[in-house]
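# Examining the three-dimensional arrangement
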Amino acid sequence: MIRITELRLPLDHPEEALREAVLARLNIPAEDLKSLHVARRGYDARKRGHIVLVYNVDCDVADEAAVLAAHEGDQHVRPTPDTTYHPPEATLPEGMPRPVVIGAGPCGIMAALTLAQAGLKPIIIERGKDVKARTVDTFALWRKSVLTPESNVQFGEGGAGTFSDGKLYSGVSDPRHLGRHVLEEFVRAGAPEEILTISKPHIGTFRLVTMVMFIR
Ligand SMILES: Cc1cc2nc3c(=O)[nH]c(=O)nc-3n(C[C@H](O)[C@H](O)[C@H](O)COP(=O)(O)OP(=O)(O)OC[C@H]3O[C@@H](n4cnc5c(N)ncnc54)[C@H](O)[C@@H]3O)c2cc1C
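Residues numbered from 1 in each chain as written. Predicted model: local features only at pLDDT ≥ 70, side-chain atom pairs only at ≥ 80, totals over all residues. Heavy atoms only, no water.

### Concerning the pattern of salt bridges
Side chains that differ in sign of charge can pair as their charged atoms come close. Keep this limit in mind: One speaks of a salt bridge when a side-chain nitrogen belonging to Lys or Arg is within 4 Å of a carboxyl oxygen belonging to Asp or Glu. Strands here are runs of E lasting at least two residues and helices are runs of H or I lasting at least four, both read from the DSSP assignment and numbered beginning at the N terminus. Three labels apply to residues, based on accessible area from a 1.4 Å probe with only protein chains included: buried if under 20% of the type maximum, exposed if over 50%, partly exposed otherwise in between.
In total, this model carries eleven salt bridges according to the counting rule given. Linking Arg-8 and Asp-44 is a salt bridge whose minimum nitrogen-to-oxygen distance equals 3.0 Å. Residue Arg-8 is found in strand 1 (residues 2–10), and its partner Asp-44 is found in strand 2 (residues 33–44); the two are separated by 36 residues along the sequence. The exposure class assigned to Asp-44 is buried, which follows from its relative accessible area of 10%. For Arg-46, the salt bridge is made with Asp-44, and the minimal N-O distance between the two is 2.7 Å. Here the salt bridges do not stand alone but share partners, grouping Glu-6, Arg-8, Asp-44 and Arg-46 into one network.

Here it is as structure tokens:
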């Protein structure tokens, strides 16, 4: 696969324009482009009145080596990076206690999920209530001003941002594509699939509650 980055198209471009832009960028005939897949779609809105869509596109082409050779030195035409998650190999020595994760916020949940997927059977200790009971307590605060100190918008399964709209973008450098793995787990748990491609994804208000239950 070849990844083209920074492919710019007008905001209102017709669907087929993306394929045409790929053919023009790679300088190949239509029959050589076997498939294309949008890896990321963002916006460049720096120029007022000239907002453009910016795509990263993965392309399957007839002769990949030839196309890459023809674009040698072009930093926007490269082999598609491997973004699949490679879990660490882990085994617990005989008699070792099960790992314990304190807190079921985003960090604890992902840590526990990763440990569980590695077969290590983590035990999660969470001071607040499970996410469904916590939803009731949180609404009691918002609607009736009744505070339950251990189960509220901050504390409980799901962690601090559970009742937000789930903004997912991050400015951290992520050369190992670990963020992608988190997004894939979110999609498995019910998040919209578009979070895998759009540049500033949101999960959507209150979806996190059922996602947290699914992941648990
Ligand atoms: C209203 C709101 C909206 C937000 N919206 C977004 C957003 O859209 N996008 C975004 O990226 N971030 C958002 N955030 C920030 C995000 O929620 C936090 O960055 C994130 O929750 C931090 O995760 P964490 O696992 O480190 O900690 P927390 O989420 O704080 O999780 C810690 C967990 O540990 C538990 N705990 C604490 N002490 C103990 C103890 N002694 N024993 C057992 N359990 C314990 C807590 O109950 C909690 O469940 C928002 C935060 C808030 C408050």
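This is not the end of the story, as more comes after the structure.
### What about the environment of Glu-94?
Relative to the assigned elements, Glu-94 resides in the loop between strand 4 (77–79) and strand 5 (100–102). Overall, the relative accessible area of 82% leaves Glu-94 in the exposed class. Through-space distance from the C-alpha of Glu-94 to that of Ile-203 is 41 Å; in sequence the pair is 109 residues apart.

### Points about helix 1 (residues 16–26)
What counts here: Residue contacts are counted whenever heavy atoms from the two residues lie within 4.5 Å of one another.
Listed as buried for helix 1 are Ala-17, Leu-18, Ala-21, Val-22, Leu-23 and Leu-26. Among the structural elements, strand 1, strand 2, strand 3 (52–61), helix 2 (64–70) and strand 4 are those in contact with the buried residues of helix 1. At the exit of helix 1 stands Asn-27, carrying a positive phi of roughly 60°.

### A look at a nonpolar patch on the surface
This is how the line gets drawn: Residues qualify for a patch when their relative accessible area is over 30% and they have no salt bridge, like charges being joined within 9 Å and the nonpolar side chains of Val, Leu, Ile, Met, Phe, Trp and Tyr within 5 Å. Throughout, the Shrake-Rupley method with a 1.4 Å probe supplies accessible areas, and for residues the shown protein chains are the sole cover considered.
On the surface, a nonpolar cluster with roughly 370 Å² of combined accessible area is contributed by Val-100, Ile-102, Ile-123 and Ile-125. Counting residues per element, the ones that place at least two in the nonpolar patch are strand 5 and strand 6 (123–125). With respect to the helices, strands and loops of the structure, Val-100 is situated in strand 5. The class for Val-100 is partly exposed, based on a relative accessible area of 47%.

### So, the sheet that holds strand 4
Short version of the rule: Pairs of strands are assigned from DSSP output, requiring at least two bridges between the strands. Helix axes use the C-alpha atoms of the stretch in contact, all axes being lines fitted to C-alpha atoms, and the angles between their N-to-C directions lie in the range 0 to 180 degrees.
The strand order across the open sheet formed by four strands is 2-3-1-4, and the pairing between neighbours is antiparallel. Every interior strand has two partners, whereas the edge strands, strand 2 and strand 4, have only one. For this sheet, the mean angle separating the axes of adjacent strands, direction not counted, is 30°. Alignment of strand 1 against strand 3, held across seven bridges, turns out to be antiparallel. Residue pairing across strands places Leu-7 opposite Tyr-55, the latter belonging to strand 3. Sheet strands touched by helix 1: strand 1, strand 2, strand 3 and strand 4. Its angle to strand 1, the strand with the most contacts, is close to 125°.

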